[in-house]
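Overview (structure and organization)
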Amino acid sequence: MKTITVAELRQNPTAALEEVERGETYVVTKHRRPVARLVPPMNEEDPLAAIPGVIWAREPNGPSRLSELPESRRRSYEETEALLEEMKSEW
């Protein structure tokens, strides 16, 4: 796992993203604190890849423009609370 600062990533994102595409993982830091992680795209066996409504980067034949994405359904407050409670119970 490599470390890269926000400034370095801003200056040359292509190089870092090419390495991530090849399987490298980066920890992105800001003022020496980790703030994000760049990881390769998920594969179909990954349980997080099955999240409905999420379109992961580099999906084959996936939409290439934001306007082509399917419209997401807004959930009510009650639906959101129920989903959060369900997720908490799974921990």
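It should be noted that the structure appears before, not after, this text.
So, a few notes on the structure that sits alongside this text. (Residues numbered from 1 in each chain as written. Predicted model: local features only at pLDDT ≥ 70, side-chain atom pairs only at ≥ 80, totals over all residues. Heavy atoms only, no water.)

Considering the overall build of the protein chain
If you tally the helices and strands in the protein chain, you get three helices and three strands. Taking all 91 residues of the protein chain together, the buried fraction comes to 10%. Relative to all contacts within the protein chain whose residues are 6 or more apart in sequence, the contacts with residues 24 or more apart total 21%. Split by element, the accessible area of the protein chain, about 8,400 Å² in all, is 52% carbon and sulfur. (Helix = DSSP H or I, 4+ residues; strand = E, 2+ residues; numbered from the N terminus. Buried < 20%, exposed > 50% of the residue type's maximum accessible area, 1.4 Å probe, protein only. Contact = heavy atoms within 4.5 Å. Areas by Shrake-Rupley, 256 points an atom, 1.4 Å probe, with all protein chains shown as cover.)

Focus on the pairing of strand β2 (residues 26-30)
The side chains of a regular strand alternate, residue by residue, between the two faces of the sheet. The buried fraction of β2 is high, at four of five residues. The pairing of strand β1 (residues 2-5) with β2 spans four bridges and is parallel. Bridge assignment links Thr3 to a residue of β2, and that residue is Val27. Of the pairings in the sheet, the one linking β2 to strand β3 (residues 33-38) comprises five bridges and is antiparallel in character. (Pairing = 2+ DSSP bridges.)

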